[in-house]
Amino acid sequence: MPLLKKPPREEEEEDGDPFAACPESRYRRRATLERLVGLAPFGRPRRAPPKDGDPGDGGGRGRRRSEDFGLLRRLPGLRKASAEGLPERALPKRSSLLRLVALGTRGRRGSAGERPAAEGEGGSDGDQDGGGQRAEARGKGKEPLSVLEILELIQRRDLVAADEQIIALEAECVSLSPSSPSSSPVAAGGRRARDVALLYRALLAQLWAVAGEAVASARPYPPLRAVVRVLEQEEEADRRTPPGTPGRPRALRRRWQEAVARAACERLGQVAPGGGLGARLAGLAARLVGDLGVVRCHVAPAYPAEYGAFGVYARGYHRALAQQLGALAQRDLPVPDLYLLLDWHSNAYPREVLGHPEVGALLQAQALGPLLPPETQRSLESSCIAAVKAKVEVAVTQELQLSEDTWAEEATSEELQEGLATRVTGLLRAHADRAPQISPEFGVEMAHSLLGVLVTFLHSFQRKVEQFLEAPGEATPPDGATSQAIALVNCCPPFRSFAERLAQFGHPESEEPRRQAGAALDKVTRLCNHVLTRRLFEDLKPYFNKLMKRKWLRSSDAFDAIVLLLTTFSQQLRPLRPEPYRVLVSEVHRRVLIEYVRPLLQGRLVCTSAKMRARVAARLGDEGRQLRELFSRLDSASPWLDSVVPRLRELLVLEDPAALQMEVGVLARDFPDLRRKHVAAVLDVRGLRGQAARREILGVLQDLEQGDAPPGPPRQRAFFSELGAAGEVRCLPCQLPRLGRLRLRPPRR
């Protein structure tokens, strides 16, 4: 044959290599034979030459060895690393082609199922290389398998038998003493240790695959019994192995728990992310409940009770779901998704998962804790509050600008209120109602943030109202300002009530924003009331000037005109809401009485007789009664003003100084801003000239003049402080002649 013909020099160097003459053919045939025979590359021998006394290679037949490369070919991705880890050994000369074929045929001859049990083989070598375990295997009629045959058992998922063989192989590896001079620890123990590690890796991969497939099958899964048996065998081997043994203890139960957690992550990771965040969360909940239902019915019963299988799966799925939520929390989510994620974590998960009728009670018994850590939840809440604040600030600013553009038009109060107050408070109310549904603490923080937004908006609203209603250089308000003022002041009650509601959430720092909101609304209310009443008091001013004169005693025309103007004005206030209406009527009530009493204190009328005092007192009593009835019909909220005219009337009627002193004290109690000058002006109208009597009556108010009185009343209760008084009348102690007796010189012409 040409293949067997010897070249002159290559035959001597290559020990009769039949492919040396043609290198390309040699490489092709080597690859073909490697696939055909299952050999390692020709550059390495299948095993080191046997030595005397090497266990497993002596007179008896022990475990058949498999080359590392044959195993690595079946485990992709590990061949290169294992090949690099092989020790450097001196290579013998290449064998002939016929010997290689014979070796390959013998290496492929027989498998675990084809070989009959060989009893009596192995001799004394088996006692040295894992002798006890192999003797037991031969005693049972089982022959130790090669590494490739064990790998075939793993791939066929005969996991219990494969694990038994791996444990035996590991025992043989441990029995090799590195200190023995007759053995090669690198050649024997090192190769077997690598084989054991690779076999365990393949075994664990199949074990965890079975554990994951059991849940996905949604039915009883018999291979789980093999998983349990392998775990028990390994735990027994851990207990049997002396401490310090390399690779032991393997703690397969702990690894099983970790594998269950990884399988849970894979199961939840398979939920389709499409359809939005709501669909994603609903899918995760459905997958978790469904899988745990399968575990409860089919998977957990396959494990011993001491394994706590359902708790292991429950914790694994809980951690997997927590990882999913944690990943979602790291995203830049819009406001609706932030609300949805927080609500699902706080409410939907406890309701739909922990409260599920099939698995809820079992899950609650595990005390799993929250899905998200507290700091992550607080971070989500802070992000939501910040996003809501930024969004709402822009929205309310736009609403104010759109509303301001329509103020110059003839818009009704209802249109303005619907366009501004209702829409602004609606934007804020949506978040104030949503946040407490997630958690009370989140609701408090959200309410405080919204209160700050409302305060900022009300300050802007106040400035724009001032710019619109204040007409510089005009004595009267601009056209249409009355209707617009009514519309604008009607916006204040919804804003005020909503600010009070936000403050009632109980945030410790909410009092100052609430006060600022109320102050801004009070300014708007006063400004609108001023616009509404300015024209009224301009019309009333001429008639007030006619009061407290001698003509006033003979005719009531001026006072009747005042009552008519007030009644007509009250008809214009019907569009006002109840709160601003009461405030406005109370202010009109106070100012009308101030203007009514002002002429009396200015000394326009001085009573010269008791009859005249009686006429003045009667007129004051009658007109005071009409004013009280008028403002009572108008639902004034200031009934304390009704007593001022009757008290002043009593100062004109009473004759006893003690009674006058008592009346002055009562008047000072009802009106703390009453001063001596006011009482002195009334005494002047009365015509009381006696200095002793005047000092006795005015002495009641001496403490007020000395500044010992408490601070004055608020502006809403101020009355006499806004009234001036005429100078006190001083009587000279002499009699002047009648003017008619004086002879005046005629003027020079």
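What you are looking at is a predicted structure, and each value in this text was computed from that prediction instead of being measured.

Section: the overall build of the protein chain
Across its full length, the protein chain holds 31 helices and 0 strands. Counting only residues that meet the buried cut, the protein chain has 44% of its 749 residues in that class. Across the protein chain, every contact between residues at least 6 apart in sequence was considered, and the portion connecting residues at least 24 apart equals 76%. In the structure as shown, the protein chain presents an accessible area of about 39,300 Å², 52% of it carried by carbon and sulfur atoms.

As for the environment of Leu 368
Residue placement: Leu 368 occurs in the loop between α15 (360–365) and α16 (374–404). With 50 residues separating them in the primary sequence, Leu 368 and His 318 have C-alpha atoms 7.2 Å apart. For Leu 368, the residues in contact, after removing those within four places along its chain, are Ala 314, Arg 315, His 318 and Leu 363.

As for the environment of Trp 640
By secondary structure assignment, the location of Trp 640 is in the loop between α26 (610–633) and α27 (644–653). Taking the relative accessible area as the measure of exposure, Trp 640 reaches 16% and is therefore buried. Measuring from C-alpha to C-alpha, the distance between Trp 640 and Arg 717 comes to 8.6 Å, with 77 residues separating the pair along the chain.

Considerations on unusual backbone geometry
The phi torsion at Met 548 lies on the positive side, around 60°, for a residue other than glycine. By the element assignment, Met 548 lies in the loop between α22 (511–544) and α23 (550–554). Here Asp 635, not a glycine, exhibits a phi torsion of approximately 60°, which is positive. Position of Asp 635 among the secondary structure elements: in the loop between α26 and α27.

As for helix α28 (residues 657–670)
Between its first and last C-alpha atoms α28 spans 20 Å; for 14 residues at 1.5 Å apiece the expected length is 20 Å, and the two agree. Those residues of α28 not exposed but buried are Leu 660, Glu 663, Val 664, Val 666, Leu 667 and Ala 668.

Some points on the side chain of Asp 673
Looking at where Asp 673 falls in the secondary structure, it is placed in the loop between α28 and α29 (676–686). Despite its burial, Asp 673 remains without a salt bridge, the nearest opposite charge being carried by Arg 675 at 6.2 Å. A polar contact is formed between the side chain of Asp 673 and the backbone nitrogen of Phe 720, at a distance of 2.8 Å.

A word on the confidence of the model for the protein chain
With 71% of its residues at a pLDDT of 70 or more, the protein chain shows a mean pLDDT of 78. Counting contacts from residues 1–21, a segment whose pLDDT is below 50, to residues more than four positions away or on other chains yields 19 contacts. In the model, residues 67–73 has pLDDT below 50 throughout and makes 27 contacts with residues more than four positions away in sequence or in other chains.

Side note on the pattern of salt bridges
Considering all chains together, one arrives at 32 salt bridges under this definition. A salt bridge links Arg 496 to Glu 579; its shortest N-O distance comes to 3.0 Å. Residue Arg 496 is found in helix α21 (residues 492–503), and its partner Glu 579 is found in helix α25 (residues 578–601); the two are separated by 83 residues along the sequence. Of the charged contacts, one joins Glu 587 and Arg 590 as a salt bridge, the two residues approaching to 3.0 Å between their closest N and O atoms. Of this pair, Glu 587 and Arg 590 both sit in helix α25, 3 residues apart, which is roughly one turn of the helix. Accessibility classification places Glu 587 together with Arg 590 in one group, the buried group. Through salt bridges with shared partners, one network takes in Glu 170, Glu 234, Asp 238, Arg 248 and Arg 250.

Observations regarding the packing of helix α19 (residues 440–469) against helix α20 (residues 481–489)
For the pair α19 and α20, the least separation of the axes is 11 Å and the interaxial angle reads 170°. Relative to α20, the element α19 lies roughly antiparallel. Where α19 approaches α20, its residues Phe 461, Val 465, Phe 468 and Leu 469 are matched on the opposing element by Ala 481, Gln 484, Ala 485 and Leu 488.

Concerning the nonpolar core
Generally speaking, nonpolar side chains in soluble globular proteins are found buried as a group. Residues Tyr 313, Phe 461, Phe 495 and Tyr 596 are the most contacted members of the largest nonpolar core, which totals 189 residues. In terms of residue count, α19 provides more of this core than any other element does, 13 residues in total. Those residues within four positions of Phe 461 in sequence are excluded, and the remaining contacts are Leu 400, Trp 407, Leu 420, Leu 488, Cys 491, Phe 495 and Val 524.

Section: the packing of aromatic side chains
Overall, the coordinates contain 15 aromatic pairs when judged by the stated rule. Here Phe 461 and Phe 495 contribute two aromatic rings whose centre-to-centre distance is 5.8 Å and whose plane-to-plane angle is 65°, an arrangement assigned as edge-to-face. Of this pair, Phe 461 sits in helix α19 while Phe 495 sits in helix α21, and the two are 34 residues apart along the sequence. A single burial state applies to Phe 461 and to Phe 495, both of which are buried. Seen from their ring centres, Phe 671 and Phe 719 are 5.6 Å apart, and the 50° between their planes marks the pair as tilted. With Phe 671 in the loop between α28 and α29 and Phe 719 in the segment after α31 (702–705), this residue pair connects regions lying 48 residues apart in the sequence. Of the two residues, Phe 671 and Phe 719, both sit in the buried class. Residue placement shows Arg 250 over the ring face of Tyr 200; its charged tip is 3.6 Å from the ring centre. A cation over a ring is seen here: Arg 619 above Trp 552, with NZ or CZ 5.6 Å from the ring centre.

Let's talk about the packing of α16 against α19
At a minimum axis distance of 10 Å, the contact between α16 and α19 shows a crossing angle of 25°. It follows that α16 is roughly parallel to α19 by the angle criterion. α19 is crossed by α16, and the crossing has right-handed handedness. On α19, the residues that touch Glu 381, Cys 384, Ile 385, Val 388, Lys 389, Val 392, Glu 393, Val 396, Leu 400, Gln 401 and Glu 404 of α16 are Phe 442, Glu 445, Met 446, Ser 449, Leu 450, Val 453, Phe 457, Ser 460, Phe 461 and Lys 464. For the contact of α16 with α19, the per-class residue count stands at 12 nonpolar, 3 polar and 6 charged.

A look at a positive patch on the surface
The grouping of Lys 546, Lys 549, Arg 550, Lys 551, Arg 554, Arg 604, Lys 611 and Arg 615 at the surface amounts to a positive patch. Looking at the positive patch, the elements with two or more residues in it are α23 and α26. For the positive patch, the leading source of residues is α23, giving 3 residues. Its location among the elements puts Arg 615 in helix α26.

A short note on the environment of Glu 587
A relative accessible area of 19% places Glu 587 in the buried class. Side chain to side chain, Glu 587 and Arg 590 meet in a polar contact 3.0 Å long.

Brief notes about the side chain of Asn 529
Secondary-structure assignment places Asn 529 in helix α22. The class for Asn 529 is buried, based on a relative accessible area of 6%. Apart from the residues within four sequence positions on either side, Asn 529 is in contact with Val 583 and Leu 584.

The rules we used
- Residues numbered from 1 in each chain as written.
- Predicted model: local features only at pLDDT ≥ 70, side-chain atom pairs only at ≥ 80, totals over all residues.
- Heavy atoms only, no water.
- Helix = DSSP H or I, 4+ residues; strand = E, 2+ residues; numbered from the N terminus.
- Buried < 20%, exposed > 50% of the residue type's maximum accessible area, 1.4 Å probe, protein only.
- Contact = heavy atoms within 4.5 Å.
- Areas by Shrake-Rupley, 256 points an atom, 1.4 Å probe, with all protein chains shown as cover.
- Expected span 1.5 Å × (residues − 1).
- Lys, Arg positive; Asp, Glu negative; His and termini not counted.
- Salt bridge = Lys/Arg side-chain N within 4 Å of Asp/Glu carboxyl O.
- Polar contact = N/O pair within 3.5 Å; in protein donor to acceptor, adjacent residues only side chain to side chain.
- pLDDT = per-residue confidence, 0-100.
- Axes fitted to C-alpha atoms, helices over the stretch in contact; angles between N-to-C directions.
- Parallel < 35°, antiparallel > 145°, perpendicular 65-115°, else oblique.
- Core = buried A, V, L, I, M, F, W, Y, C linked by side-chain atoms within 4.5 Å.
- Phe/Tyr/Trp six-rings, centres within 6.5 Å; stacked < 30°, edge-to-face > 60°.
- Lys NZ or Arg CZ within 6 Å of the ring centre and 35° of its normal.
- Left-handed = near helix turned anticlockwise from the far one by under 90°.
- Nonpolar A, V, L, I, M, F, W, Y, C, P; charged D, E, K, R; others polar.
- Patch = residues over 30% accessible without salt bridge, like charges linked within 9 Å, V, L, I, M, F, W, Y side chains within 5 Å.
- Charge placed at Lys NZ, Arg CZ, Asp CG, Glu CD.

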